[in-house]
Number of protein chains: 2
Amino acid sequence: MIERLIDVALGRTPADVVLKNGTFVNVFTGQVQRGDIAIACGKVAGIGAYEGEREYDIRGKVAVPGLIDAHVHIESAQLSPEEFARLVMPRGTTTVIADPHEIVNVCGVDGAQYIARAAQNTPLEVKLMLPSCVPATPFETSGACLTGEQTAALLQGDAFFGLGEFMNAPGVLGKDAEALRKLEGARAAGKMVDGHAPGLEGAELDAYIAAGISTDHECTCVAEAAEKAARGMYVHLREGSAARNVAENCGAVTAANLRRFLFCTDDRHAADICAHGHLDAALRTAVQAGLSPVWAVIIATLNAAECYGLRGKGAIAPGCDADIAVFDDLENFHCAFTFKKGELVAIEGMPLFGAGQKYLPDCVRDTVHVGGISPDSFRISLKGGYANVIRVQPGSLVTGRSVRAVASADGDVDLRGTDLLKLAVVERHRGSGNIGLGLAEGCGLWGGAIATSVAHDSHNVIVLGDNNADMAAAVQELARIGGGMAVVGRGRTASLPLDIAGLMSSLPAEEYAARAAALDEAAYELGFSREFSPFMALSFLALPVIPSLKLTDRGLFDVEKFDFCPLDADPPQEAGAADSGARSEGDAGGAEEPGEE
Amino acid sequence: MIERLIDVALGRTPADVVLKNGTFVNVFTGQVQRGDIAIACGKVAGIGAYEGEREYDIRGKVAVPGLIDAHVHIESAQLSPEEFARLVMPRGTTTVIADPHEIVNVCGVDGAQYIARAAQNTPLEVKLMLPSCVPATPFETSGACLTGEQTAALLQGDAFFGLGEFMNAPGVLGKDAEALRKLEGARAAGKMVDGHAPGLEGAELDAYIAAGISTDHECTCVAEAAEKAARGMYVHLREGSAARNVAENCGAVTAANLRRFLFCTDDRHAADICAHGHLDAALRTAVQAGLSPVWAVIIATLNAAECYGLRGKGAIAPGCDADIAVFDDLENFHCAFTFKKGELVAIEGMPLFGAGQKYLPDCVRDTVHVGGISPDSFRISLKGGYANVIRVQPGSLVTGRSVRAVASADGDVDLRGTDLLKLAVVERHRGSGNIGLGLAEGCGLWGGAIATSVAHDSHNVIVLGDNNADMAAAVQELARIGGGMAVVGRGRTASLPLDIAGLMSSLPAEEYAARAAALDEAAYELGFSREFSPFMALSFLALPVIPSLKLTDRGLFDVEKFDFCPLDADPPQEAGAADSGARSEGDAGGAEEPGEE
């Protein structure tokens, strides 16, 4: 290969491919330059005046290095890796640093291997991080458990590029032995560790970084992003579906700290990628927010390559991999061509590679085993007349909490005439019959139930409804279709399979996005508030690391106290407020109106 | 270790060491900040308000990350690695990327291992690059030969951090099989390759970079440095003894390309380090030339760490190695304290560690074996009356060339009444008796000879003199002392051993520098022009990769033609110029006056 690169660079022989007549972003100088880009053996050989066996006229367009998504859970697109690649590569993404946190919590390390092998059916380059929190907390039942010892051993091998986002910041600061064993394992293997430390600052932030954690993608304001960069972290500017921090946080980027920023999508749903784009959307957003277009490109390319040690990526320069996105301009970032290792893989939004025969090993199929579930499984027997209630809040993953008066009849709560709904998390990995029961307010919905097997981070089945029969039917429907989403009510059942680990669909992206939208519509027809994306909202109600009140298969969980919490509540102490939610708490500032943040 | 870092960062327990009351350069933000630097287990734990078991008051001073010399031949200091460390660490250097090119050309890989093990007697961190050009050319006899196959095998191991400066640029462009085998070996081992490509530009530069070569330290002007950085190279700003490019080349640094520059010393003699400093001198020079002091620090630290993938180096930040230089200010860069992994290793120019028992294995001793050398060995028998003559030029490693009329008598040239001197290179590795003979002009010197076993890059013995007896005596003196430098003439012999491989002295730095200066003085007393540093000038006359006429143990060498050249010359064609140098050529522009450049 070196011989051919030399010959092509020197013009002794035609290149494999030449991108002619256009410009390119030189990430080393910050300039947009002219020059034919000569490619051989999948690498850039030279830039100047060249002839090639295949030539692409990119006149009027600008080539940039292939975009690198520095942190993504592919599962959150709810597509197979094959379909994910078909969706993101036409938008200029050529490499992703993937943390298969969701599927490993369901299928164990087999799930990560599945992601890697499925991605190999496509030109997309996937660097796998080993999930660090499986399960995310000890307060839930996941499909797998990775101990510190296992983590350290896995990091010694070649399968994983590093240790995935270390969400257990309290465990780090509290010197939890298992957490530190994982960090020591990464250090011993010479591998990097991604972080996840929302709001951490000062000495606690120093401790977290000193423990060996290099990045953070959870900054929510300029000051936080700037401090983390100043302490030596790489800071991901995130443009996900629920969490979108690019417009705000790119205000933290300066000429001096530029090299410390990256772009990521973290959790971005197929529908958002179809409608709004992938990293191209992040670039667009950043530029609209005032970031220099060239800086945005550098952040999306060279910086990510430097942070993750991806030698030969992140630049259009001799010897670099010919991963190239050709955009119409640096404002709208409409991607005209994507090249991966010199091969044209997408034109004008269309992938040139098929999903082919999808890789679907047994380990990711038939993963929903809920044990014997009947309507009676959802009976809630309170000792008194008050309950701790989860308040679901639009536009936020943070829930509030209320104490509500709740009537009971026949050994079950009687929710008629209230806005309260039953929420249940049904263990689905081992068929144990474990079920956590709770109450929720703020979503709407009557005469039915909705359920999904995407329930962060252990991905049990979560179901919300106003009656036991529909709730049981919804869970049984998910068991029948091998996981997915279901809406049951008023005599109708609608569902959409997520046949891969109960998390991802093997459908084509556009078809999946359309069917998911239709299922949302079915939930809205049951009265679910249009302020929410129903299944996404539902899927975060089981996540016991985001405040304030959540539900796992083992019960109601108080995130601030980081312990379980009884469903029964003491009567509120204030008089005259017993009927409608006497006491309200929550990060949203104690707003007493359900639905306000 | 992680546990303790966390505890110290959080202030739960005192740090091992705290640097209090000072400021530090935050290389991530480009700012000079306040804050106590808390150190534990050799790493920075946190920055803020801290207490420590040992505290150093650095009020009024500024801490910067330990300086990293990105490319150095330690041998060129002509000191043992132990003494080298004692010299450079008090000046703020804590890590060097060392290319043991000189000693490996004498002792083979054993020489590199010697450097590594000797350095372990000191706190200095030495990352070894594997020399790529052993021998530098096939036109000389070196003490070792590293084939492509051997190089590839060595790079697979842990001993070498990468492949050293790839001087054989013509071999790369010409696809020399051995050269490419070495580059393939580096690629296969995932190791980086340093470059050496003076003047290379355009398509040839692209080809050289595409072949896998990442850095260059041979730029001699802003345009060259800027182009190489724009093509994706890391560009070393060099402040050596002979070659000093910092003042000029730092003009190529911009906010946009800042991260592509490094500092190096390449070849810097003990005397220069003693008198003027090491990387601190480079920083001083750069700032005097107008470079931002903070940029200079970033170049000397973070950039080098990024280029060479030295994780945890190059910054004062949590989790980073506590390699710290404390300077009085960012203008004079007077180093008050040096810390290595949290240990104070130097104060105010004085090392706190001894050279101890120097490591001096047999492999680096007794390396000068010249065979049977007598005055007759230096007889030069010309066929005609003209000779090709090397013109030595002050301030330049480039030699000129002249055709001179030369008288002969008794089967030897008769140089009486001329400024011509005999130059000889005597093979000294194998005692083969190989001797290359030539003539030189431009140095002065009469009634004697000077000789050294430092003769780039094969380090045979090179001797210059006006009479055979003194030349033979000088060579024999070197054989007697095991290599070094000798001045013989007018009945006196002075010498200074370089007892380590004939390249380096085991003396303390200051003593060595003083004795070397005295020996230079002895050469000047024999008439050697004070425009030269006599032994340094001599040592480059054997280097067949720098134009234009050089001498190896196998004969006179025409660098432009890259082939041997007869000593006999045709008579000059122009009339009337035969007596004093009829035809002059050379990179210096054909100046006909000896000694002019």
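Bear in mind the structure is a predicted one, so any value in this text is a computation, not a measurement.

The next thing to look at is the overall build of chain A. When you go through chain A residue by residue, the secondary structure sums to 17 helices and 33 strands. Against the 2.2 N^0.38 benchmark of 25 Å for 597 residues, chain A shows a C-alpha radius of gyration of 25 Å, consistent with a compact globule. Taking the principal axes of its C-alpha atoms as reference, chain A extends roughly 90 × 50 × 45 Å. Taking contacts inside chain A between residues at least 6 apart in sequence as the whole, the part at least 24 apart equals 69%. Carbon together with sulfur atoms contributes 48% to the accessible area of chain A, which is approximately 19,500 Å² in total. On chain A, the mean spot of the 49 positive side-chain charges and the mean spot of the 79 negative ones are 4 Å from each other.

So, about the sheet that holds strand 12 (residues 192-195) of chain A. Residues and elements named next belong to chain A. Pairing in this open sheet of five strands is parallel, and the strands run 8-9-10-11-12 from one edge to the other. Two strands bound the open sheet, and with one partner strand each, they are strand 8 (67-72) and strand 12. Put simply, the sheet's adjacent strands are angled 30 degrees from each other on average, direction ignored. As paired strands, strand 10 (residues 125-130) and strand 11 (residues 162-166) are joined by two bridges and run parallel to one another. Bridge pairing links Leu130 to Leu163 in strand 11.

Moving on, we come to the pattern of salt bridges. One pass over the full model with this rule turns up 76 salt bridges over all chains. The network of salt bridges with shared partners includes Lys43, Glu125, Lys127, Lys313, Asp321, Asp323, Lys340 and Lys341 of chain A.

We now examine the state of the cysteines. Disulfides are covalent bonds that connect the sulfur atoms of two cysteines. As enumerated under the stated definition, the model contains zero disulfides over all chains in all. This cysteine, Cys320 of chain A, is not joined by any disulfide, and Cys307 of chain B carries the nearest cysteine sulfur, 13 Å off.

On to the interface of chain B and chain A. With 55 residues of chain B in contact, the opposing surface of chain A contributes 55 residues. Approximately 4,200 Å² of surface area, both sides summed, lies buried where chain B meets chain A, with 56% of it carried by carbon and sulfur atoms. In this structure, the connection of chain B to chain A is made through six salt bridges. Two residues, Glu306 of chain B and Arg260 of chain A, come together in a salt bridge whose shortest N-O distance is 3.8 Å. Counting every contact that joins chain B to chain A gives 16 residue pairs in polar contact (both at pLDDT 80 or more). When residues of the side of chain B that touches chain A are traced back to their parent elements, those giving at least two are helix 1 (2-9), strand 5 (43-48), helix 6 (169-173), helix 7 (177-189), helix 8 (202-210), helix 9 (222-230) and helix 14 (302-307) of chain B. Here the residues of the side of chain B that touches chain A sort into 30 nonpolar, ten polar and 15 charged.

With that out of the way, let us pick up the side chain of Ser539 of chain B. The topology assignment puts Ser539 of chain B in helix 17 (residues 534-539). Not counting the four nearest positions on each side in its chain, Ser539 of chain B is found in contact with Val454, Ala455 and His456 of chain B.

Now for the sheet that holds strand 31 (residues 555-558) of chain B. Residues and elements named next belong to chain B. Reading across from one edge, 30-31-32 is the order of the three strands in this open sheet, with antiparallel pairing throughout. Taken across any chain shown, the strands that pair with only one partner, and hence form the sheet edges, are strand 30 (549-552) and strand 32 (563-564). Two elements, strand 30 and strand 31, share four bridges in a ladder whose sense is antiparallel. Considered in strand 31, the bridge of Leu551 is made with Leu556.

This paragraph deals with the relation of the copies chain B and chain A. When chain B is brought onto chain A, the operation consists of a screw motion whose angular component is 180 degrees and whose axial shift is 0.0 Å, with 0.1 Å RMSD remaining. The operation mapping one copy onto its partner corresponds to a two-fold rotation axis.

Taken together, the buried positions of helix 8 (residues 202-210) of chain A are occupied by Leu205, Asp206, Ala207, Tyr208, Ile209 and Ala210 of chain A. Immediately downstream of helix 8 of chain A, the backbone of Gly212 of chain A shows phi near 110 degrees, a positive value.

Next up on the list: unusual backbone geometry. Backbone torsion omega between His456 of chain B and Asp457 of chain B reads -10 degrees, so that peptide bond is classified as cis. Assignment of secondary structure puts Asp457 of chain B in the loop between strand 26 (448-452) and strand 27 (461-465). Although it is not a glycine, Asn21 of chain A sits at a positive phi angle of roughly 70 degrees. As for its position among the elements, Asn21 of chain A is in the loop between strand 1 (15-20) and strand 2 (23-26).

What follows is about the pairing of strand 17 (residues 335-340) of chain B. All names here are of chain B. Here strand 17 lies mainly inside the structure; six of its six residues are buried. One ladder, built from four bridges, connects strand 16 (residues 324-327) with strand 17; its direction is antiparallel. Each bridged residue has a counterpart across the sheet, and for Ala325 the counterpart in strand 17 is Thr338. Where strand 17 meets strand 18 (residues 343-347), four bridges bridge the pair, whose relative direction is antiparallel. For Lys340, the partnering residue across the bridge sits in strand 18 and is Glu343.

Residue and element names in this part refer to chain B. Mapped onto the secondary structure, Asp69 falls in strand 8 (residues 67-72). Buried Asp69, no salt bridge; nearest opposite-charge side chain is Arg268, N-O distance 7.9 Å. A distance of 2.5 Å separates the side chain of Asp69 from the side chain of Thr265, its partner in a polar contact. When near neighbours in sequence (up to four residues on either side) are disregarded, Asp69 contacts Thr93, Thr95, Val96, Ile97, Phe263, Cys264, Thr265, His278 and Leu279.

Moving on: the packing of aromatic side chains. Overall, the coordinates contain 22 aromatic pairs over all chains when judged by the stated rule. Ring geometry for Phe139 of chain B versus Phe564 of chain B: centroids 5.5 Å apart, planes at 85 degrees, classification edge-to-face. Of this pair, Phe139 of chain B sits in the loop between strand 10 (125-130) and helix 5 (148-156) while Phe564 of chain B sits in strand 32, and the two are 425 residues apart along the sequence. Residue class for Phe139 of chain B comes out buried when judged on its relative accessible area of 15%. Assessed through its relative accessible area of 30%, Phe564 of chain B is described here as partly exposed. Judged by centre distance (5.3 Å) and plane angle (80 degrees), the ring pair of Phe327 of chain B and Phe333 of chain B falls under edge-to-face. With relative accessibility at 0%, the residue Phe327 of chain B sits in the buried group. Through pairs of rings, three or more aromatic residues link up here, namely Phe139, Phe557, Phe562 and Phe564 of chain A.

Turning our attention to the environment of Ala223 of chain A. By the element assignment, Ala223 of chain A lies in helix 9 (residues 222-230). The sequence separation of Ala223 of chain A and Leu439 of chain A amounts to 216 residues, and the corresponding C-alpha distance is 37 Å.

Let us look at the packing of helix 8 of chain A against helix 1 of chain B. Contact pair helix 8 of chain A / helix 1 of chain B: the axes reach a minimum separation of 8 Å and the direction vectors enclose 165 degrees. Taken as axis vectors, helix 8 of chain A and helix 1 of chain B run roughly antiparallel relative to one another. Classified by chirality, the crossing of helix 1 of chain B by helix 8 of chain A is right-handed. Every residue of helix 1 of chain B that contacts helix 8 of chain A at Ala203, Asp206, Ala207 and Ala210 of chain A is listed here: Leu5, Ile6 and Ala9 of chain B. Here the contact of helix 8 of chain A with helix 1 of chain B is composed, by residue class, of six nonpolar, no polar and one charged.

Residue and element names in this part refer to chain B. Most of strand 8 sits inside the fold, with six of its six residues counted as buried. Alignment of strand 8 against strand 9 (residues 93-98), held across four bridges, turns out to be parallel. For Asp69, the partnering residue across the bridge sits in strand 9 and is Val96. In the classification by handedness, the crossover that spans strand 8, the intervening helix 2 (residues 81-88) and the parallel strand 9 is right-handed.

Residues and elements named next belong to chain B. For helix 7, with 13 residues, the first-to-last C-alpha span of 18 Å sits near the 18 Å given by 1.5 Å per residue. Where helix 7 is concerned, the buried positions are Ala179, Leu180, Lys182, Leu183, Gly185 and Ala186. The backbone nitrogen of Glu178 lies 3.2 Å from a side-chain oxygen of the residue at the head of helix 7, namely Asp176. Just past helix 7, the residue Gly190 takes up positive phi, approximately 65 degrees.

All names here are of chain B. With respect to the helices and strands, His276 occurs in helix 11 (residues 270-276). Along the primary structure His276 and Ser76 are separated by 200 residues, whereas in three dimensions their C-alpha atoms are 16 Å apart. Beyond its immediate chain neighbours, meaning those up to four positions away, His276 contacts Arg268, Ala281 and Arg284.

All names here are of chain A. In this model, chain A carries a mean pLDDT of 94, and residues with pLDDT of at least 70 account for 96%. In the predicted structure, residues 577-597 sits below a pLDDT of 50 and forms 47 contacts with residues beyond four places in sequence or in another chain. Here the predicted complex scores 0.93 on pTM and 0.92 on ipTM.

Quick notes on the rules
Residues numbered from 1 in each chain as written. Chains lettered and ligands numbered in written order. Predicted model: local features only at pLDDT ≥ 70, side-chain atom pairs only at ≥ 80, totals over all residues. Heavy atoms only, no water. Helix = DSSP H or I, 4+ residues; strand = E, 2+ residues; numbered from the N terminus. Rg over C-alpha atoms; globule rule 2.2 N^0.38 Å. Contact = heavy atoms within 4.5 Å. Areas by Shrake-Rupley, 256 points an atom, 1.4 Å probe, with all protein chains shown as cover. Lys, Arg positive; Asp, Glu negative; His and termini not counted. Charge placed at Lys NZ, Arg CZ, Asp CG, Glu CD. Pairing = 2+ DSSP bridges. Axes fitted to C-alpha atoms, helices over the stretch in contact; angles between N-to-C directions. Salt bridge = Lys/Arg side-chain N within 4 Å of Asp/Glu carboxyl O. Disulfide = S-S within 2.5 Å. Buried area = accessible area lost by both parts, 1.4 Å probe. Polar contact = N/O pair within 3.5 Å; in protein donor to acceptor, adjacent residues only side chain to side chain. Nonpolar A, V, L, I, M, F, W, Y, C, P; charged D, E, K, R; others polar. Least-squares fit on C-alpha atoms with pLDDT ≥ 70 in both. Buried < 20%, exposed > 50% of the residue type's maximum accessible area, 1.4 Å probe, protein only. Phe/Tyr/Trp six-rings, centres within 6.5 Å; stacked < 30°, edge-to-face > 60°. Parallel < 35°, antiparallel > 145°, perpendicular 65-115°, else oblique. Left-handed = near helix turned anticlockwise from the far one by under 90°. Right-handed = clockwise from strand over helix to strand, strands pointing away. Expected span 1.5 Å × (residues − 1). pLDDT = per-residue confidence, 0-100.

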